[in-house]
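Chains, contacts and geometry: an overview
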Amino acid sequence: MPTSQPAAPGRRSQGAGPSRPTLEQVALRAGVSRATVSRVVNRAPSVDPHLVQVVTKAIEDLHYVPNQAARSLMTRRTDTVALIAAESDTRVFGDPFFSAIVRGVSQEVSRAGVQLVLSMAQGPSDVHRVETYLQAGHADGALLISEHDDLEVVPHVLSSGVPLVVGGRPLRRAVDVAYVDHDNSHGARLAARRLREIGRRHVGTVAGPQDMSAGVDRLRGFREEMGSAFDPELVEIGDFTTPSGSAAVSRLLERRPDVDGLFVASDMMALGVIGALHAAGRRVPEDVAVVGFDDADVAAVSSPPLTTVRQRTSDQGRLMAQVLLQRLGRAVEDPMPELDQLKDTGHVILPVELVLRATA
């Protein structure tokens, strides 16, 4: 009776499924120990770069794919992080702020060989679902953006036991959690200062939601810069969406038709503000000057182009991911210099700048 010959690694033997290359076969191909291959696969930071190169070449030659289930059992890691957005899917996929954050986060976790899972949490039932998911061990860590105070997402995520990094200052100061934010108050002061410098006398604001730290901090900075000229009657609140900006400025014009300058706490709201001003017969900037916040891509192509406060949203996402990877004991490629702020404060505050265009 003829004897069958074993199939070459990665090739299909007759009558059987495709053979899966093993860690031992990679080690043999690379001329190193099985333990060395395991350390390279698990991205241990202490492996000699030459060995990493040799093992990586063997992995590519054999088309080796780690057995994720076995790897998770051995390392107690899933190689997955969760990005939680405390918003609806409409907001997450329609607002350029979120796409920039996701782009920055994805860039960093991909370089670290980690998968990214996106989850929206709009209400208590969603928060409970996310908490249960994390408690079950499906992710090694979590990132949170667009936190609203009434949802209390941070305590629920912390209770799951996984490391957490938040995009934006948590409103509850008693919560000890790492976060990456922009200097929102300073940005609002720059906006108010610009409006006063160009001679606007009745300067108001369409502020962001007051259950979010960005909305609170931008309103506070505006109030501080205006000083004794701050007028509560010239304040309206939006929710960072274009329709809310339009509605807010319509209310403001009805109450205070003399308004001649507006700081709007997001570019998306500013688009709604400009549209509503045009509809009311007000010219921008001749009748009402407008300054936004974000410097989203739409700011440069709005009509007229929007003067705004630039924040580094994509960098914020990158930093959030780098902070989390560090806390997971992962090697971080090309760490950003702002990471050093964490050593002293436990958080990172990114600078902002005023970008002058046509609206103010």
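Residues numbered from 1 in each chain as written. Predicted model: local features only at pLDDT ≥ 70, side-chain atom pairs only at ≥ 80, totals over all residues. Heavy atoms only, no water.

1. Points about the confidence of the model for the protein chain
When pLDDT is averaged across the protein chain, the result is 89; 91% of the residues are at 70 or more. Below a pLDDT of 50 lies the segment residues 1-17, which in the model reaches 10 contacts outside its immediate sequence neighbourhood of four places, other chains included. (pLDDT = per-residue confidence, 0-100. Contact = heavy atoms within 4.5 Å.)

2. A look at the pattern of salt bridges
Scanning the entire structure with this criterion turns up 26 salt bridges. With a closest N to O distance of 3.6 Å, Arg-29 and Asp-61 form a salt bridge. Separated by 32 residues along the polypeptide, Arg-29 in helix H1 (residues 23-30) and Asp-61 in helix H3 (residues 49-62) bring together distant segments of the chain. Taking the shortest distance from any N to any O, the salt bridge between Arg-256 and Asp-231 comes out at 2.5 Å. On the criterion of sequence distance, the pair formed by Arg-256 in the loop between helix H11 (242-255) and strand E8 (261-264) and Asp-231 in the loop between helix H10 (213-226) and strand E7 (235-237) is long-range, its members being 25 residues apart. What makes Arg-256 buried here is its relative accessible area of 13%. Each of the salt bridges in this network shares a partner with another, and the network as a whole consists of Arg-169, Arg-189, Asp-217, Arg-220 and Glu-224. (Salt bridge = Lys/Arg side-chain N within 4 Å of Asp/Glu carboxyl O. Helix = DSSP H or I, 4+ residues; strand = E, 2+ residues; numbered from the N terminus. Buried < 20%, exposed > 50% of the residue type's maximum accessible area, 1.4 Å probe, protein only.)

3. Side note on the sheet that holds strand E6 (residues 203-207)
Strand order in the open sheet formed by 6 strands is E7-E6-E8-E9-E10-E12, and the pairing between neighbours is mixed. Bordering the open sheet on either side are E7 and strand E12 (353-355), each of which pairs with just one other strand. Taking each pair of neighbouring strands and ignoring which way they run, the sheet shows an average axis angle of 20°. One ladder, built from 3 bridges, connects E8 with strand E9 (residues 289-294); its direction is parallel. Bridge pairing links Phe-263 to Val-291 in E9. Where helix H9 (residues 184-197) meets the sheet, its contacts fall on E6, E8, E9, strand E10 (307-310) and E12, and the angle it forms with E9 comes to roughly 165°. On the sheet, H11 packs against E6, E7 and E8 and is oriented at approximately 155° with respect to E7. (Pairing = 2+ DSSP bridges. Axes fitted to C-alpha atoms, helices over the stretch in contact; angles between N-to-C directions.)

4. Concerning the sheet that holds strand E11 (residues 347-350)
With respect to topology, 6 strands assemble into an open sheet ordered E2-E1-E3-E4-E5-E11, the strand pairing being parallel. Of all the strands in the sheet, the pair left with one neighbour each is strand E2 (115-120) and E11. Across the sheet, the axes of successive neighbouring strands diverge by a mean angle of 15°, strand direction being ignored. The pairing of strand E1 (residues 80-85) with E2 spans 6 bridges and is classified as parallel. Paired with Ala-85 across the strands is Met-120, a residue of E2. Contacts between helix H7 (residues 124-135) and the sheet are confined to E1, E2 and strand E3 (141-145), with E2 contributing the most and set at about 155° to the helix.

5. Observations concerning the packing of aromatic side chains
According to the stated counting rule, one finds 4 aromatic pairs in the structure shown. Relative to Phe-98, the ring of Phe-97 lies with its centre 5.3 Å away and its plane at 80°, an arrangement referred to as edge-to-face. With 6.1 Å between their ring centres and 25° between their planes, Phe-222 and Phe-263 make a pair best called stacked. Highlighted residues: Phe-222 in helix H10 and Phe-263 in strand E8, separated in sequence by 41 residues. Across the pair, Phe-263 and Phe-222 agree in class, each one buried. Among the aromatic residues, ring-to-ring pairing joins Phe-222, Phe-230, Phe-263 and Phe-293 into one connected group. The cationic tip of Arg-218 hangs over the ring face of Phe-293; the distance from NZ or CZ to the ring centre is 3.7 Å. Positioned over the ring face of Phe-230 is Arg-223, at 5.3 Å from the centre of the ring. (Phe/Tyr/Trp six-rings, centres within 6.5 Å; stacked < 30°, edge-to-face > 60°. Lys NZ or Arg CZ within 6 Å of the ring centre and 35° of its normal.)

6. Quick notes on the side chain of Gln-316
For Gln-316, the position within the fold is in helix H14 (residues 313-327). Gln-316 gets classed as buried once you look at its relative accessible area, which sits at 3%. Side chain to side chain, Gln-316 and His-182 meet in a polar contact 3.4 Å long. Discounting residues that sit within four places of it in the chain, Gln-316 has contacts with Phe-97, Ile-101, Gly-167, Gly-168, Val-180, Asp-181, His-182 and Leu-350. (Polar contact = N/O pair within 3.5 Å; in protein donor to acceptor, adjacent residues only side chain to side chain.)

7. Topic: the environment of Thr-22
In this fold, Thr-22 is placed in the segment before H1. Once the C-alpha coordinates of Thr-22 and Ala-265 are considered, the two residues, 243 residues apart in sequence, prove to be 55 Å apart.

8. Things to note about the side chain of Gln-322
Within the element layout of this structure, Gln-322 appears in helix H14. Beyond its immediate stretch of four places on either side in the chain, Gln-322 contacts Glu-108, Val-332, Glu-333, Asp-334, Pro-335, Met-336 and Leu-339.

9. Things to note about the nonpolar core
With 43 residues, the main nonpolar core has Phe-222, Leu-262, Phe-263, Val-264, Val-273, Leu-277 and Val-290 as its most contacted residues. Looking at this core, the elements that each hand over two or more residues are H9, E6, H10, H11, E8, helix H12 (267-279) and E9. The element best represented in this core is H12, accounting for 6 residues. Excluding anything up to four places from it in sequence, Val-264 contacts Val-206, Met-269, Ala-270, Val-273, Val-290, Val-291, Gly-292 and Phe-293. Core analysis: the second largest hydrophobic core is formed by 27 residues, Val-114, Ala-178, Leu-324 and Met-336 among them. (Core = buried A, V, L, I, M, F, W, Y, C linked by side-chain atoms within 4.5 Å.)

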